[in-house]
Amino acid sequence: MLALILGLNMLGGLTPSSRADESEFRSARWIELKKGLFGDRAIQEGPGGLIQLEVPLRPDNAATVPIAVKPAVSQSPDRYVKNLFIVIENNPVPLAGAFHLTPDSGLAELGTNIRVQTHGPVRAIAEMNNGELFMSSKFVKASGGCAIPPPVTATASANLGQMLIRTQGATILNQPNWVQLIITHPNHTGMQYDLFKGFLILAHFIEKITVSYGDNTILTAETGISISEDPNFRFYFIPRAASVLRAEVTDSKGLTFSTSEVTTKLATEVPR
Amino acid sequence: MSLNRRDFLKLAGVGAALVGASPTRAALASVQHSIPELMGKPKGKRLVILGASFGVINTALTVKRLVPDTQVVLLDKAPFFISCPATLEYLFGMVSLDTITRGYTSLHERGLEFVRTTILALDRDKKMVVCADGTVDYDYLLVATGVRMAYEDVPGLTERPRANLCLYDKGSPLIDLHHRIAAFQGGDVVVSIPNGPYKCPPGPYEYVLLWADYIKKKRLKGKVTMVDPRPKPIPPALAPGFLKAMEANKDVLTYHPHTRLLRVGPEDRMVETEAGKLRYDILSVIPPNKTMPFLVEAGLGDPFTEVNPQTFRSTKDERIYALGDNADTPFTKSAFCATTSAKIAGQHIAKVLGAKIGEPGAPSNICWPLVSMDSAMMISVTWSYEKDKEGNIQVKSEGTTDNEAKPSYLHARRGWEMGLLQEMFSS
């Protein structure tokens, strides 16, 4: 389904986007996107919603706009956020990423950096295990994020695919633990000019991310060009026993990178 | 959900009461009858300017020159003018305080009114500014208060208000930090920056590089650590230059990209970050930057005052203009840009007041970020306005950068600043 959506919107990006109504965040483009992603299913939204999207109104760099999706409730086996979608409505590829979570995620919180091409709403949509949909939207005033030329650094290709995965201090069993994954990757959008050679740089971006703890998969994601250069993701998971954290990433050229396994250090006692 | 203005004011009042930053408008209304008028009615129109800092003095001078019968009143709580672009050079002892400070008296000689007072509230219905010493009516208002450091947004800082020495605090914290640096004999320095927009984007990177240079030149046993939620330094075009300078100083300087500060404490002299716990002797946390609470209460926009980027006129009130760090524009939050946009805003206000002048242009910016105590890089940006197919104004930018640090850029920076001080304060 994802490939279909990405392809569909690549075409959609060529037509001028309809101007979003700033107050209500309703636009023809969103209606079309919504139909492609969720069909006719109803989406609940509003200030008292299940998830809250945090994003600056006018970020200082359109190519790295920090966003965070914060849930109002924690994950439980009966009711949990199964999928999280980040949609940047007026980007050439609106779907920035689809993130798949489990009850063992503990908290359906997710943070990353995105590119924003023109003024418009950024939306986070949570799909529950029972199929309910919740949305939180924010208007963002930023432009050019997909086309800002990458800074010229000689080391960029040498470090390609280097990853850092880290937890906050010692791991605490049976509680949500914070994890951050940082990938060194240019995540070229295909819209950036090489300033010295004078041609467009081919799109080259992270497509698939799998993070596992021991034998359990804790997060999988499909991402696109709307994720910033050097993608970084912050999320949670619940460890059930001492084990190793591992991340595996595939990019659009079919290159696969993985972290050296990180053995988590267990906290000797549970802090207050 | 849509809030009407009254509800909004109520909510804003609650927020302000929680942070203890400003009395609510309701409370003010009950005491307003006892507050005298600060100054009598002028003959012509009156332009009131909130804040008398870098840039906005140029607006005052522009309006006074183009429409001489306008009374221009500047309100600020600062006893004297301190030139913000020289902050870093002052902190590390490269310039003395008296070369970058000026008294406000010379403004009176040029026909402007400067009143030293604290601004409490803005009453848009009565077109009146309520100050601690009295009220001032306005025909037109220019908001240039700058931004407030939202310390309450950094967990643990409200419990330890004296732990932090922020380089963006004007006045006495700046002087304290200068003396702490001069007395520094070794130890750990920790610097952190917020995730959202803050004033002077390259400032904190210059600050850590100056620290590294200072420690090495004085041969001290010091270590500087910077925690940055961004993937690399900003502005993006200068990232290679900053990263190169950081690499050259890596024996004393540690840079953690993609890393946020979580809290100050809980132990003394410790901060928790996403890269683990760090010990500090000098802590410089730059908290999120926000607009003044009384402007939020007045409904001019949150977190920054919303303006039309071409005319700097508020989108909520046609008698109000805003510029500088507290205005929500696509332009850089820098001193050079504040100065150029101040002159443009001055021309727009003068046109409204009846001056017959041509169409004002668009602002530009040049910035010379320091990478050591004797060299700087350069970035310059010019903006232009373009109408898109739907008739909306789009702001386009283009610019050049030089990532090679040179001593000549440092001299250019000082020359620019001294020239501006002369322009503003010569009588």
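Residues numbered from 1 in each chain as written. Chains lettered and ligands numbered in written order. Predicted model: local features only at pLDDT ≥ 70, side-chain atom pairs only at ≥ 80, totals over all residues. Heavy atoms only, no water.

A closer look at the nonpolar core
A general trend in soluble globular proteins is that nonpolar side chains are found buried together. Grouped together as the largest cluster of nonpolar side chains are 98 residues, with contacts concentrated most on Leu74, Leu91, Phe92, Tyr205, Tyr207 and Trp211 of chain B. When residues in this core are grouped by element, the largest group, nine residues, is from helix H7 (residues 203-217) of chain B. Not counting residues up to four positions away in its chain, the partners in contact with Tyr207 of chain B are Leu88, Leu91, Phe92, Leu167, Leu177, Val191 and Ser284 of chain B. Judged by nonpolar contacts, the second largest core, of 46 residues, contains Ile67, Val69, Ile206 and Ile227 of chain A. (Core = buried A, V, L, I, M, F, W, Y, C linked by side-chain atoms within 4.5 Å. Buried < 20%, exposed > 50% of the residue type's maximum accessible area, 1.4 Å probe, protein only. Helix = DSSP H or I, 4+ residues; strand = E, 2+ residues; numbered from the N terminus. Contact = heavy atoms within 4.5 Å.)

Concerning the packing of aromatic side chains
Counted by the stated rule, this structure contains 21 aromatic pairs over all chains. Look at Phe92 of chain B and Tyr214 of chain B: their rings are 5.7 Å apart centre to centre, the planes differ by 65°, and that puts the pair in the edge-to-face class. Of this pair, Phe92 of chain B sits in the loop between helix H4 (87-91) and strand E4 (101-102) while Tyr214 of chain B sits in helix H7, placing them 122 residues apart in sequence. Taking relative accessible area as the criterion, Phe92 of chain B reaches 4% and is therefore assigned buried. On the numbers, 5.5 Å between centres and 35° between planes, the contact of Tyr205 of chain B with Phe242 of chain B is tilted. Here Tyr205 of chain B, found in helix H7, pairs with Phe242 of chain B, found in helix H8 (residues 239-248); they are 37 residues apart in sequence, far enough to count as distant. The burial state of Tyr205 of chain B is the same as that of Phe242 of chain B; both residues are buried. Pairwise contacts between aromatic rings join Phe54, Phe81, Tyr104, Phe114, Phe336, Trp368, Trp416 and Phe425 of chain B into one cluster. The ring centre of Trp30 of chain A lies 4.3 Å from the NZ or CZ of Arg123 of chain A, which sits over that ring. (Phe/Tyr/Trp six-rings, centres within 6.5 Å; stacked < 30°, edge-to-face > 60°. Lys NZ or Arg CZ within 6 Å of the ring centre and 35° of its normal.)

Some details on the side chain of Arg123 of chain A
Residue and element names in this part refer to chain A. Among the structural elements, Arg123 can be located in strand E7 (residues 120-128). On the basis of relative accessible area, Arg123 is assigned to the buried category, the value being 0%. Engagement of the side chain of Arg123 in a polar contact is seen with the side chain of Ser137, the distance being 3.1 Å. (Polar contact = N/O pair within 3.5 Å; in protein donor to acceptor, adjacent residues only side chain to side chain.)

Here's the deal with the packing of helix H3 (residues 56-66) of chain B against helix H10 (residues 335-352) of chain B
Residue and element names in this part refer to chain B. Contact pair H3 / H10: the axes reach a minimum separation of 8 Å and the direction vectors enclose 30°. Taken together, the axis directions place H3 and H10 in an arrangement best described as roughly parallel. Every pair of crossing elements has a handedness; the one defined by H3 and H10 is right-handed. Of H10, the residues touching H3 (which contributes Val56, Asn58, Thr59, Thr62, Val63 and Leu66) are Thr339, Ala342, Lys343, Ala345, Gly346, Gln347, Ile349 and Ala350. Per-class residue counts for the contact of H3 with H10 are seven nonpolar, six polar and one charged. (Axes fitted to C-alpha atoms, helices over the stretch in contact; angles between N-to-C directions. Parallel < 35°, antiparallel > 145°, perpendicular 65-115°, else oblique. Left-handed = near helix turned anticlockwise from the far one by under 90°. Nonpolar A, V, L, I, M, F, W, Y, C, P; charged D, E, K, R; others polar.)

Focus: the side chain of Asp281 of chain B
Residue position: Asp281 of chain B is located in the loop between strand E16 (276-279) and strand E17 (282-285). Ignoring anything within four residues of it in the chain, the contact list for Asp281 of chain B reads Arg180, Gly186, Gly187, Asp188 and Arg269 of chain B.

Things to note about the confidence of the model for chain A
Here chain A averages 82 in pLDDT, and 83% of its residues register 70 or above. Considering only residues more than four positions removed or in separate chains, one finds that residues 1-23 of chain A, a stretch of pLDDT under 50, has 34 contacts. (pLDDT = per-residue confidence, 0-100.)

Considering the pattern of salt bridges
Residues and elements named next belong to chain B. Considering all chains together, one arrives at 36 salt bridges over all chains under this definition. Between Lys277 and Glu267 there is a salt bridge, with the nearest N and O atoms lying 3.4 Å from each other. One end of the pair, Lys277, is in strand E16; the other, Glu267, is in the loop between strand E14 (261-264) and strand E15 (270-273), with 10 residues separating them in the sequence. What makes Lys277 partly exposed here is its relative accessible area of 47%. Residue class for Glu267 comes out partly exposed when judged on its relative accessible area of 37%. Across the pair Lys316 and Glu306 runs a salt bridge, and its minimum N-O distance is 3.3 Å. With Lys316 in the loop between strand E19 (305-306) and strand E20 (320-322) and Glu306 in strand E19, the pair connects residues that are 10 residues apart, well separated along the chain. Here the salt bridges share partners, and the residues they tie into one network are Asp188, Lys223, Arg269, Arg279 and Asp281. (Salt bridge = Lys/Arg side-chain N within 4 Å of Asp/Glu carboxyl O.)

Details of the environment of Ala342 of chain B
Residues and elements named next belong to chain B. With respect to the secondary-structure elements, Ala342 resides in helix H10. For Ala342, a relative accessible area of 0% translates into the label buried. Between the alpha carbons of Ala342 and Phe54 there is a distance of 9.3 Å; along the sequence they are 288 residues apart. Contact partners of Ala342, with chain neighbours within four places excluded, come to Gly55, Val56, Asn58, Thr59 and Leu323.

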